[in-house]
Amino acid sequence: MRTSPNDPKQYRYITLDNGLKVLLVQDETAQKSAASLAVNIGHFNDPKNREGLAHFLEHMLFLGTDSYPKAGEYQSFINRHGGSNNAWTGTEHTNYYFDIDNEWFDEALDRFSQFFICPCFNPELVERERQAVNSEYQLKIKDDVRRIYQVHKETVNPDHPFSQFSVGSLDTLSDGETSIRDDLIAFYQQHYSADLMSLAVLSPHELDQNEAHVRQLFSAVPKVAVNKPKIAPFYLPENLALETHIQPVKDLKKLTLSFGFGDMDSLYRQKPLTYLAHILGYEGPGSLVALLRHAGLINSMAAGGGVSGSNFKDFCISYSLTDEGLNCIDSIIDASFSYLEMIRQHGLQAWRYSEKQQVFERAFLYQEKSRAIDLVSHLAINLQHYPADDVIYGDYAMENYDQALISQCLKQIVPERMRITLVSPNVKGDKIAKWYHTPYSVKPIEPERIKRWQSPGELESLQLPASNPFLSFNQSPLVEPQEQEAEPRLLFDKPGFRLWFSNEPEFRVPKGHLYVSVDSKHAVASVRNIVCTRLMVELMLDHLSEMTYQAEIAGMSYQLYAHQGGYTLHLSGFSDKQILLLKMIMNNRLFGHFERKRFGIIKQQLAKHWQNQMQVKPISQLFSELTSLLQPNNPPPSALLEELEDVQLEELPDFVAKLYQNIHIEMLAYGNWSEPTIEELGEFIQQEISPDTSPSKETPRKLISIKDQGSLLYEINCQQNDSALMIYYQSRDLSPESIALFTLSNHIMTSTFFNELRTKQQLGYIVGTGNLPLNRHPGIIFYVQSPHGQPQTLLDAINDFLDEFPVLMFELSDAQWQQSKQGLIAQILERESNMRTRAQRFWVSIGNKDLTFNQRQRAAECIERLERVDLVRFMMSLKSKQRDRVIVYNHGASEQQAEPLNTHHLETVRVVKSRSEFQSDSAIYCYN
């Protein structure tokens, strides 16, 4: 089994007597153990009269087994011991996975194994979970990804199982000639066969120990004779050369050109389509993307994606369109085939293949460790696709440049085999897709257009990519760290400028992370200024895209984003050329260099983005409105959209100049660099960003205090069918003790809350609790989105839960109480598995003024000291009639009559009618 030289883990592949494939992984440094089981059964296996059955079965396996019959016990056990769990159902595979503290792994694996041996399919829970699956379906009815996907299903071969509905609903999962429970059991017994399963297990235990335990638990998984009929072709001839127009819910404008292939899995070592996508997707000067972007027709392009399965693969070229581009579809397709012809004539060269090969090889050689749960779920699926030797390497393999094979693929990317899909609000469909009610139309592509694209004209401005200057195998040698601890040290602490540095001593890869945050009070002085800051950031990203594309291909990436104090630039990836990339970016900060055409397009994009945010699912809208209510420097999309409307290009240069007049720069360099190199970089940044500016303090991050305000009611009009309600409680201070109380309460309540309101009461599919620290203040939220419950029902259910839960605390045994605490402490103190997550922690710590980087330890110590009575007292305060809290809610559009919330039992109630008035009337926490 080929593994990366940077991977110290031990692997062993075995096959049990029942045919179950197993990959055992020993990671001596693992802080959590994890397991994932994939079964080669998905919604393609649903009976014609039972669409969604595979997905429903996935839900049911979590709700009790003969060995552990209590519903919710599995989730509670995992959660109590610092773990997490989930599953998904795809077209041809279903994947189950969990992680947990090491010492509890054997017991968790025992519970997990029973899913595949003796699920009990409790009749009462079958009916409840049927409602949950229906809620999941209803939740996504206005999701454009699902709606477009359904149209795709209706325009392929109807005999291919892809055409079937995958989620399930009350209709498809109801009792008919046979009961749904009987069909579930029959489906499970007929399809869940050991020889269709693959299991990946990771722990610090010896491989022999893990193997013995796996054999003991999983040898009992039954092997049955599964009848897997041959799958029909994905596309029939009449499904090709089609043009489909789809009307979305959101303001989406997208053009996709797709070309159908057969099974490509066997070519994973050659990856011919990856090579073609690499050249097609090039975004540098002279590229297809640059040509169409400069013409004002597209905003972005992606090549190579598309649905795939065991006998099909779509190769897609997708464009995000501007308004002008929407009227120039054929011109975009003209240019696409001109570029394809150029690739066909001049682009098939071994050195180009070698460049992409180097990108993969470099990623493989210097791969970073991922979370145990992510690794096992990925490996379990890889076991289904690759031979044992390539389970790890298969994703990175790119060998044997085969020009004839690539040419053969190009022969299938031709106009007569093309499917055009146009998504636009302007579309008027003559068909309505089933399940998601999507308006669409389908027609054959006219022969004259096909003929035109078969002989594309040359475009002189188009160029194939030049050799990538950022690609090199001659990495900078690993710099020996001066410190054995990774915590950053201050190299510069000057007025208006701070630079933190840590040379990474643990992961030993030639990579790094650079953060540069620019704070300016002018950037957030008003809603208009906030809009201008975000416009500036988007224009800068647009300006940089061509010149930085090759660096991104070579393994470096960057993000630029606005925040409550200004903006931040984050670079990551290989360290040898990263400083060069940073200097390139900082030298192009657009001091007034704005193009009028691009300004109009970017402004339009931002408007569309904010409009679309106002149409997401209700619970997401409530979350956005809650954070905007409490954070004055974070206005909601509606306020941003209103201010954006009359922003003109002419005001931006002056705005940018004023933004840089008084700034504070905070930097973090973490990775494979020497201290003198970073000191030199610090000098450059100071000279480059702020030669003519006055140093300033950090921009205060304001947070509204809800202290002594009682229950604040804030109704939002989401214009969605579902109702939703969210309750937020805010800490009054930043102490580690408060952090401990809020985090432990959430940790202990979360699985019980989910089980009570979702599984038992069936209030909705989206149900949960969560930590919500805002601007350093601890907080906790409780939320439900429901297709049938009014906000009053949801509020009563949450209040009842908060009333009853303190009593349940006394039912915990001393062992369970200690286990819950230790599980959370283990989560908090878990060492990062890779540089990215550690860099994020350092950066968040700096932002939170945890400048000794030990807030986690202090919070863990406080949790360790907490007695049960402390937590009960805190939970009792959450149900208090006087407790300060924010209740954000919306009435579903499907409700006949929107009843106001009943608040007579509350001592202090305030209805928030105006966000701005509420903010101006309230006290503010304000921290630099």
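Remember, predicted model here, so these are calculated numbers, not experimental data.

A. Broad picture of the overall build of the protein chain. The secondary structure content of the protein chain amounts to 29 helices and 29 strands. Expected size for 928 residues packed as a compact globule is a radius of gyration near 30 Å; at 28 Å, the protein chain falls within 12% of this value. Expressed as lengths along the three principal axes of its C-alpha atoms, the size of the protein chain is roughly 75 × 75 × 65 Å. For the protein chain, with 928 residues in total, the buried portion stands at 59%. Here the analysis covers contacts within the protein chain between residues at least 6 apart in sequence; of these, 84% occur between residues at least 24 apart. Working note: accessible area of the protein chain is about 37,000 Å², and carbon and sulfur atoms make up 48% of it.

B. Focus on the sheet that holds strand β23 (residues 711-715). Overall, mixed pairing links the 6 strands, which are arranged β25-β26-β24-β27-β23-β28 in an open sheet. What marks the edges here is a single partner per strand, and that holds for β25 (766-771) and β28 (909-911). Between one strand axis and the next, the sheet turns through 15° on average, direction left out of account. Inspection of the sheet shows strand β24 (residues 723-730) paired to strand β26 (residues 779-786) by 8 bridges, in the antiparallel sense. When the sheet's bridge partners are listed, glutamine 730 is paired in β26 with glycine 779. Helix α23 (residues 736-760) rests against β24, β25 and β26 of the sheet, and its axis sits at about 175° to β25.

C. Just empty space enclosed by the protein, in detail. This structure, assessed with the given rule, holds 5 cavities of 30 Å³ or more. What the largest cavity holds in volume is close to 100 Å³. As for the largest cavity, its lining consists of His278, Ile279, Tyr282, Trp351, Arg352, Glu355, Pro465, Ala466, Tyr549, Gln550 and Ile553. Among the elements of the structure, α8 (272-280), α12 (350-365) and α16 (527-553) are those that each provide at least two residues to the lining of the largest cavity. Estimated volume of the second largest cavity: approximately 60 Å³. In this structure, the second largest cavity is lined by Phe62, Gly64, Thr65, Tyr68, Lys70, Glu73, Tyr74, Arg111 and Phe115. Residues belonging to the lining of the second largest cavity are distributed by class as follows: 4 nonpolar, 2 polar and 3 charged.

D. Region of the structure containing unusual backbone geometry. The residue aspartate 708 is not glycine, and still its phi comes out positive at about 65°. Considering the arrangement of structural elements, one finds aspartate 708 in the loop between β22 (701-704) and β23. Residue classification places aspartate 708 among the exposed residues on the basis of a relative accessible area of 60%. At glutamine 719, a position not held by glycine, the phi torsion is positive, near 55°. Mapping glutamine 719 onto the fold places it in the loop between β23 and β24.

E. Seen up close, the pattern of salt bridges. In total, this model carries 53 salt bridges according to the counting rule given. For lysine 9, the salt bridge is made with aspartate 7, and the minimal N-O distance between the two is 2.9 Å. A relative accessible area of 12% means that lysine 9 is categorised as buried. Residue classification places aspartate 7 among the buried positions, given a relative accessible area of 10%.

F. Here's a closer look at the packing of aromatic side chains. Applying the stated criterion across every chain yields a total of 45 aromatic pairs. Each ring, one from phenylalanine 77 and one from tryptophan 104, has its centre 6.2 Å from the other, and the planes form 85°; the classification is edge-to-face. Taken together, the residues phenylalanine 77 in helix α2 (residues 73-80) and tryptophan 104 in the loop between β5 (94-101) and α3 (105-113) connect sequence positions 27 residues apart. Tryptophan 104 shares its class with phenylalanine 77; the two are buried. Ring centres of tyrosine 366 and phenylalanine 574 lie 5.9 Å apart, and the angle between their planes is 80°; this geometry places the pair in the edge-to-face category. Residue tyrosine 366 is found in the loop between α12 and α13 (372-385), and its partner phenylalanine 574 is found in strand β19 (residues 566-574); the two are separated by 208 residues along the sequence. Its relative accessible area of 5% is what places phenylalanine 574 among the buried residues. By the ring-pair criterion, three or more aromatic residues cluster together here, those being Phe62, Tyr74, Tyr96, Phe98, Phe105, Phe112, Phe115 and Phe116.

G. Spotlight on helix α17 (residues 578-586). Considered for burial, the residues of α17 that qualify are Gln578, Ile579, Leu581, Leu582, Ile585 and Met586. In a view along the axis of α17, the buried residues occupy a sector of 155°, so they form one face of it. Along its buried surface, α17 packs onto β17 (511-519), α16, β18 (556-562), β19 and α22 (675-689).

H. Region of interest: the nonpolar core. Counting residues in hydrophobic clusters, the biggest one holds 111 residues, and the most contacted among them are Leu276, Tyr319 and Tyr339. Not counting residues up to four positions away in its chain, the partners in contact with tyrosine 339 are Ile279, Leu280, Tyr282, Leu288, Leu462, Gln463, Leu464 and Pro465. Counting residues in each nonpolar core, the second largest holds 52 residues, with Leu37, Phe98, Leu125 and Phe218 among its members.

I. Quick look at the pairing of strand β1 (residues 10-15). As paired elements, β1 and strand β2 (residues 21-26) share 6 bridges and run antiparallel to each other. Bridge pairing in β2 links tyrosine 11 to valine 25. From the end of β1 to the start of β2, which pair antiparallel, there are 5 residues, and glycine 19 there has a positive phi angle of about 95°.

J. A negative patch on the surface, seen in detail. There is a patch of like negative charges on the surface, built from Asp796, Asp800, Asp803 and Glu804. Within the secondary structure, aspartate 796 sits in helix α24 (residues 791-809). Residue aspartate 796 is classed as partly exposed on the basis of its relative accessible area of 33%.

Rules used in this analysis
Residues numbered from 1 in each chain as written. Predicted model: local features only at pLDDT ≥ 70, side-chain atom pairs only at ≥ 80, totals over all residues. Heavy atoms only, no water. Helix = DSSP H or I, 4+ residues; strand = E, 2+ residues; numbered from the N terminus. Rg over C-alpha atoms; globule rule 2.2 N^0.38 Å. Buried < 20%, exposed > 50% of the residue type's maximum accessible area, 1.4 Å probe, protein only. Contact = heavy atoms within 4.5 Å. Areas by Shrake-Rupley, 256 points an atom, 1.4 Å probe, with all protein chains shown as cover. Pairing = 2+ DSSP bridges. Axes fitted to C-alpha atoms, helices over the stretch in contact; angles between N-to-C directions. 1 Å grid on protein atoms, 1.4 Å probe; cavity = no way out; pocket = protein on both sides within 12 Å on 5 of 7 lines; lining within 4 Å. Points joined across faces, edges and corners; volume = space filled by probe spheres on them. Nonpolar A, V, L, I, M, F, W, Y, C, P; charged D, E, K, R; others polar. Salt bridge = Lys/Arg side-chain N within 4 Å of Asp/Glu carboxyl O. Phe/Tyr/Trp six-rings, centres within 6.5 Å; stacked < 30°, edge-to-face > 60°. Arc of directions from axis to C-beta. Core = buried A, V, L, I, M, F, W, Y, C linked by side-chain atoms within 4.5 Å. Patch = residues over 30% accessible without salt bridge, like charges linked within 9 Å, V, L, I, M, F, W, Y side chains within 5 Å. Lys, Arg positive; Asp, Glu negative; His and termini not counted. Charge placed at Lys NZ, Arg CZ, Asp CG, Glu CD.

Geometry only, nothing functional implied.
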